[in-house]
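Inside the fold
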Amino acid sequence: MQNKGVIRVVAILFAIAALYQLSFTYVTSKVKKDAKEYGQGDLQKEQQYLDSIASETVYNIGVAKYTYRECQEREINLGLDLKGGMNVTLEISVNDVIRALSNYSSDSTFNKAMALATEKQKNSQADFVTLFKESFEEIDPNGKLAAIFATPELRDRISFNSSNEDVIAVIKTETKSAIDNSFNILRSRIDKFGVSQPNIQQLETSGRILIELPGVKDQKRVRKLLQGTANLEFWEGYEFSELYPSLIDANTTIKEIEEAEKVLSKNKNTTTESNINQTEETPLANEATSTEDTTGLGLLNQLEETAEKDTSAAESDFISDYPLFNVLTPNAFNNQIGQGSLVGYSLIKDTGKVSYYLSLEKVKSVFPRDAKFFWSAKPTKQNFQDNKERFELHAVKVNTRDGKAPLDGGVVVDARVNLSQFGNTMEVSMSMNAEGAKTWARMTKDAASKTPHGFVAVVLDGYVQSSARVSEEITGGSTRITGDYTQEEAQDLANVLKSGKMPAPARIIQEEIVGPSLGHAAINAGFNSFLIAFIVILLYMVFYYSRKAGLVADVALLANMFLLIGVLASLGAVLTLPGIAGIVLTIGMSVDANVLIYERIREEVHAGKGIKLAITDGYKNAYSAIIDANVTTMLTALVLFLFGSGPIKGFATTLLIGIGTSLFTAIFITRLVFEWFLKKGYDITFATKTTEGAFKNANIHFIEKRKTYYIVSGIVIAIGILSLVFRGLSFGVDFTGGRTYVIKFEQPVNTVEIQDILSESFGGAPEVKIYGQDNQVRIVTKYKYSENDPSIDEEIETILYDDLKPLIADGVSKQEFLDDYRQSSYKVGATIADDIQKEAVWAILFALVAIFLYILVRFKNWQYGLGAVAALMHDVLIVLGMFSIFYGILPFSLEIDQAFIAAILTVVGYSINDTVVVFDRIREYIMIHPKHNRSEIMNSALNSTLSRTFSTSLSTFVVLFTIFVFGGEVIRGFIFALMVGVVVGTYSSLFIATPVVYDTIRQAENKRILKGKVRK
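Residues numbered from 1 in each chain as written. Predicted model: local features only at pLDDT ≥ 70, side-chain atom pairs only at ≥ 80, totals over all residues. Heavy atoms only, no water.

Moving on, we get to the overall build of the protein. Scanning the protein from terminus to terminus reveals 34 helices and 25 strands. When burial is assessed residue by residue, the protein has 52% of its 1016 residues classed as buried. Pairs at least 24 residues apart make up 73% of the contacts formed inside the protein by residues separated by at least 6 positions. Carbon together with sulfur atoms contributes 55% to the accessible area of the protein, which is approximately 47,000 Å² in total. (Helix = DSSP H or I, 4+ residues; strand = E, 2+ residues; numbered from the N terminus. Buried < 20%, exposed > 50% of the residue type's maximum accessible area, 1.4 Å probe, protein only. Contact = heavy atoms within 4.5 Å. Areas by Shrake-Rupley, 256 points an atom, 1.4 Å probe, with all protein chains shown as cover.)

Between helix H1 (residues 4-39) and helix H20 (residues 547-571), whose axes approach to 8 Å, the crossing angle comes to 55°. Between H1 and H20, the angle is such that the two are oblique. The handedness of the crossing between H1 and H20 is left-handed. Within the contact between the two elements, H1 uses Phe14, Ala15, Ala18, Leu19, Gln21 and Leu22 and H20 uses Phe562, Leu563, Ile565, Gly566, Val567, Ala569 and Ser570. Here the residues of the contact of H1 with H20 sort into ten nonpolar, three polar and no charged. (Axes fitted to C-alpha atoms, helices over the stretch in contact; angles between N-to-C directions. Parallel < 35°, antiparallel > 145°, perpendicular 65-115°, else oblique. Left-handed = near helix turned anticlockwise from the far one by under 90°. Nonpolar A, V, L, I, M, F, W, Y, C, P; charged D, E, K, R; others polar.)

On the surface, Val849, Leu853, Leu856, Trp862 and Leu866 cluster together into a nonpolar patch covering about 430 Å² of accessible area. For the nonpolar patch, the secondary structure elements donating two or more residues are helix H29 (830-859) and helix H30 (862-886). Along the chain, the position of Val849 falls in helix H29. (Patch = residues over 30% accessible without salt bridge, like charges linked within 9 Å, V, L, I, M, F, W, Y side chains within 5 Å. Salt bridge = Lys/Arg side-chain N within 4 Å of Asp/Glu carboxyl O.)

With that settled, consider the pairing of strand E2 (residues 64-67). In the sheet, strand E1 (residues 57-61) pairs with E2 via four bridges, with the strands oriented antiparallel. The residue bridging Ile61 from the neighbouring strand is Ala64, located in E2. Where E1 folds back on E2, the antiparallel hairpin that results is connected by two residues, among which Gly62 adopts a positive phi of roughly 70°. (Pairing = 2+ DSSP bridges.)

By secondary structure assignment, the location of Glu392 is in strand E13 (residues 390-397). Although Glu392 is buried, it makes no salt bridge; Arg390 carries the closest opposite charge, 11 Å away. At a separation of 2.9 Å, a polar atom in the side chain of Glu392 contacts the side chain of His394. Excluding anything up to four places from it in sequence, Glu392 contacts Leu342, Gly344, Tyr345, Phe374, Trp375, Ser376 and Thr380. (Lys, Arg positive; Asp, Glu negative; His and termini not counted. Polar contact = N/O pair within 3.5 Å; in protein donor to acceptor, adjacent residues only side chain to side chain.)

Here we take up the pattern of salt bridges. Applying the stated criterion to the full structure yields 27 salt bridges. The closest approach of N and O atoms between Arg602 and Glu599, which form a salt bridge, is 3.5 Å. Here Glu599 and Arg602 lie together in helix H21 (residues 577-606), a separation of three residues that amounts to about one turn. Judged by its relative accessible area of 11%, Glu599 is buried. Note that Glu604 and Lys609 form a salt bridge whose closest N and O atoms lie 2.8 Å from each other. Owing to a relative accessible area of 8%, Glu604 belongs among the buried residues under this scheme. Given a relative accessible area of 31%, Lys609 falls into the partly exposed group. When salt bridges with common partners are traced through the structure, they connect Arg600, Glu603, Arg921 and Glu924 into a single cluster.

Right, let's talk about the environment of Glu174 for a bit. With respect to the helices and strands, the residue Glu174 is situated in helix H9 (residues 164-192). Using a relative accessible area of 5% as the deciding quantity, one classes Glu174 as buried. When the C-alpha atoms of Glu174 and Val97 are compared, they prove to be 8.3 Å apart, with 77 residues separating the residues in sequence. A distance of 2.6 Å separates the side chain of Glu174 from the side chain of Arg157, its partner in a polar contact.

What follows concerns the packing of aromatic side chains. Per the counting criterion, the structure on display carries 39 aromatic pairs. Plain terms: the ring middles of Phe24 and Tyr66 are 5.0 Å apart, the flat faces sit at 90° to each other, and that makes the pair edge-to-face. You can see Phe24 sitting in helix H1 and its partner Tyr66 sitting in strand E2, a full 42 residues away along the chain. Across the pair, exposure class does not vary: Phe24 and Tyr66 are buried alike. A network of ring pairs unites the aromatic residues Tyr540, Phe543, Tyr544, Tyr545, Tyr598, Phe674 and Phe686 as a single cluster. Directly above the ring of Tyr682 sits Lys548, whose terminal nitrogen or CZ lies 6.0 Å from the centroid. Between Arg972 and the ring centre of Phe964, over which it is positioned, the NZ or CZ distance is 5.8 Å. (Phe/Tyr/Trp six-rings, centres within 6.5 Å; stacked < 30°, edge-to-face > 60°. Lys NZ or Arg CZ within 6 Å of the ring centre and 35° of its normal.)

Structurally, the position occupied by Ala434 is in helix H17 (residues 434-448). Relative accessible area serves as the criterion here: at 61%, Ala434 is assigned to the exposed category. Between the C-alpha atoms of Ala434 and Gly477, which are 43 residues apart in sequence, the distance is 7.2 Å.

The next thing to look at is the nonpolar core. Most often, soluble globular proteins keep nonpolar side chains buried together rather than apart. Judged by nonpolar contacts, the single largest core of 118 residues is most densely connected at Tyr598, Phe674 and Ile975. Sorting elements by how many residues they give to this core places helix H34 (residues 972-1010) first, with 17 residues. Once residues within four sequence positions are removed from consideration, Tyr598 is found in contact with Tyr545, Ala549, Val552, Ala553, Phe674 and Phe686. Judged by nonpolar contacts, the second largest core, of 41 residues, contains Val170, Ala178, Val222 and Ile513. (Core = buried A, V, L, I, M, F, W, Y, C linked by side-chain atoms within 4.5 Å.)

In the predicted model, the protein carries a mean pLDDT of 80, and the fraction of residues at 70 or more is 84%. Throughout residues 270-297 the model reports pLDDT below 50, and contacts reaching past four residues in sequence, or to other chains, amount to 40 contacts. Segment residues 307-311 is flagged for pLDDT under 50; beyond a separation of four residues in sequence, or across chains, it makes one contact in the model. (pLDDT = per-residue confidence, 0-100.)

Another aspect to go through is the environment of Thr329. Among the structural elements, Thr329 can be located in strand E8 (residues 329-330). Measuring from C-alpha to C-alpha, the distance between Thr329 and Arg390 comes to 9.6 Å, with 61 residues separating the pair along the chain. Among residues more than four places away in sequence, those in contact with Thr329 are Val343, Gly344, Tyr345 and Phe384.

Glancing now at helix H5 (residues 94-101). Counted residue by residue, H5 has six buried out of eight residues, so it is predominantly covered. Residues Val94, Asn95, Val97, Ile98, Ala100 and Leu101 constitute the buried set of H5. Once H5 finishes, Asn103 follows within two positions and takes phi at roughly 55°, a positive value.

Despite not being glycine, Ser546 shows a phi value in the positive range, around 85°. In the Ramachandran plot, Lys860 falls in the positive-phi region, its phi being about 55° despite a non-glycine side chain. Within the fold, Lys860 resides in the loop between H29 and H30.

A word on the pairing of strand E7 (residues 232-237). Across the six residues that make up E7, a large majority, six, are buried. By the bridge criterion, five bridges tie E7 to strand E17 (residues 455-460) in an arrangement that is antiparallel. By the bridge assignment for E17, Glu233 is matched with Val459. The pairing of E7 with strand E14 (residues 407-408) spans two bridges and is classified as antiparallel.

A separate point is helix H28 (residues 814-821). Among the residues of H28, those classed as buried are Phe817, Leu818 and Tyr821. Around the axis of H28, the buried residues are gathered within 110° of arc, so they sit on the same side. (Arc of directions from axis to C-beta.)

In the contact formed by helix H6 (residues 108-121) and helix H7 (residues 128-139), the axes pass within 8 Å of each other and the chain directions differ by 130°. With respect to H7, the axis of H6 lies oblique. Between H6 and H7 lies a crossing of right-handed hand. Contacts from Thr109, Phe110, Lys112, Ala113, Met114, Leu116, Ala117, Thr118, Lys120 and Gln121 of H6 reach H7 at Phe128, Leu131, Phe132, Glu134, Ser135, Phe136, Glu138 and Ile139. Residues of the contact of H6 with H7, tallied by class, amount to ten nonpolar, four polar and four charged.

See the structure below:
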């Protein structure tokens, strides 16, 4: 093998990179173990421990240092089905954005067009803006959009003479901007929610955003958080020097409160720790304890000196004397009081305590009545040597009668990023409407008249995004916000400013909630199936191909798994249950390349070649089949990745990576090991006594008996089609819309009883089935599923709790019911259900077209492409027929959902893999024996690949059967589809694909003979 040194270096670097990525998962798991030991079962203490070290270095590797949060960002992420939590798909209302752009026009043509576009969207993949244009011109072909959208806010881009195309271009730009702004706002809100490893991403479909929140429990709060409109405000900032004396008084007041609480606790002879949450009503000491020179700069020296002492006694005294400054570092350094609205800094874990201190009535009374505090939106590491992240606390002045901000985001017309006038930094240009310009001029004039100049704070959803000093009055509403901004920071600020420009409410159109107990069970089921399947394959390779050759294949398989997990970690991919299925399926399919190589080597040995030459030629002759087989499977996985979302995309990601790592390990790693064996003079064999003659003398007449196989397949397909026509399919919520709840009770329950109980409340009988165990049910209802009001979700949860009360333990609250009894819930709106159906159809069609075109190019004969597609259609129809015939009969779910589409496409990929291997062998035999009878060549090719087909199909089926038995109820229907697919895919590769190629080629030749183009 050439370039052995290069391959060896690449393999080592690949392994080091994978090990490096996996090391972060090891570090975070160790930290979590320490947190669990610290908490002793108290989840709140565990979280406090993790929060306290979030910004501390926990991993040193060379000169690189990583905090716990940075390690979390690099560890393997577990999906909701494994960890529990909430998955939400939001849709930004483009309809509302367009109405806002028109200044809520009452024009009848406009409103009719909006209504028609909304109706069209239900059955169209086009974006809403395009549908609106079509509808407007359909209602009034001579209508001018400029007459509606030439508003004061858009006057610089739309005039009364603008064409409809120009107006639509502006609307598309503005709606995209609104969607991007909504995405940034949601991302900011999620960051404040305190969820570890959240995932938020914009989907391919315009206006849709996917959000995953692992471990979240308060679903009501999440829905409110995600669907609320943005609240952008402009406040006059307080100068810290004005508040500094009050801050010192606040510390003294808090100290008095805590000391009074200690005295009260001591008098009551209680051993309970003092709780500051109870001190607000505690009488204070008669005289305030004073600190020397606490009104001047002497305190700054005292704080710095005390903080530098490295003794527990000094630390204890410091906490006792300065309870506020223990959790809030004042904006004062080097004996100097800082300027601006910045009050101080707090570690993430201390922000809650500071907020509580400042909320106490007695503490509030020491500050000016017009002072209001906000935390910064993002943490900072500046001004501190310990490299820990801290949030900034800012103070603003409330100088309006109603207590609201003097200016809100509704006045902002536009905000853009520009280079500063010197060209070395970025700045943000903001413009306001006429009303906002007047208020802004007054605010900036007041701020600029102060000495030093005052600040204006930009606050979004209660968090300070920016606090800038104002040097002069700003008139006309156009403002340049300067600062040491990077391109990204400036763009973020511009997006924040534009967020209040127009309403773009987000509506939940798909929602999934997975309880932690179901997630834990899924992890166990997935791991067990993975481990058992892995061991089965390792043993099979040794059994079939001898100890040495089998162990080499096992080494490749182990390396494949190691690299696959490493790549998943490096890409930040989320590992879901379908993802684990993808890994396990990769195990079964990854042996295929090894089997192809080993079978070729066995053929070369049987031809009388020495083992060294046989290995060389075996690898060389197997490359073509390996590449063709894996490229076709990769095409299918790519279609899955592009068209799928959620679990389907996770499955496709794993499969794509698995194909790549399988090729690398099977072709290069095994070759290096064999080269080393040969160099050492080891005896290598590729069969055991049991398997030596397996399929060696096979002589099945595939072509001669093709009509029999056509009839058998035709009968099976006909039965399936009849079932599809008269019985149909059991479509899941993904395709019909609705809500699904999995409820687990203490005792076995009667599904009919639950159905009767819920029928009245839901206005019809919901579907209720046993789900796995006899004390666990799956409830499916279409009750108000098309309504987007957030209160509907809470209404249905209340119905479930109230109606199912007789079946649950006494005294269980609604929240306890949702946390403990509800294992998962899933909601799909009508719009997204329709889109999922269309995406599924397109995914299958694109996969078939892509495979046909690839085979056409590779084999230079359309008959091969037709044979492959015919076999694939054969497989798809049989799997669909099986799901139609057996749903409701077999004791597990056979619903048609997104996972089923993933299964169909996987079957397509697997089947074409097998078919291409046969086609490749036919092509090879035709090149060697061009004058032989075609049926003889095809029979020989099919018989010669039987050993490979048997090994790959058997190993894959055994893997799938293992997952089916041990993998849990959640993916049982998905795996059943794959099992059926492996069987029919293997059958069609042998008995359908090649015979169809034979018949179509013969038919084409007969036509040419009749036309006299070919001699008889």
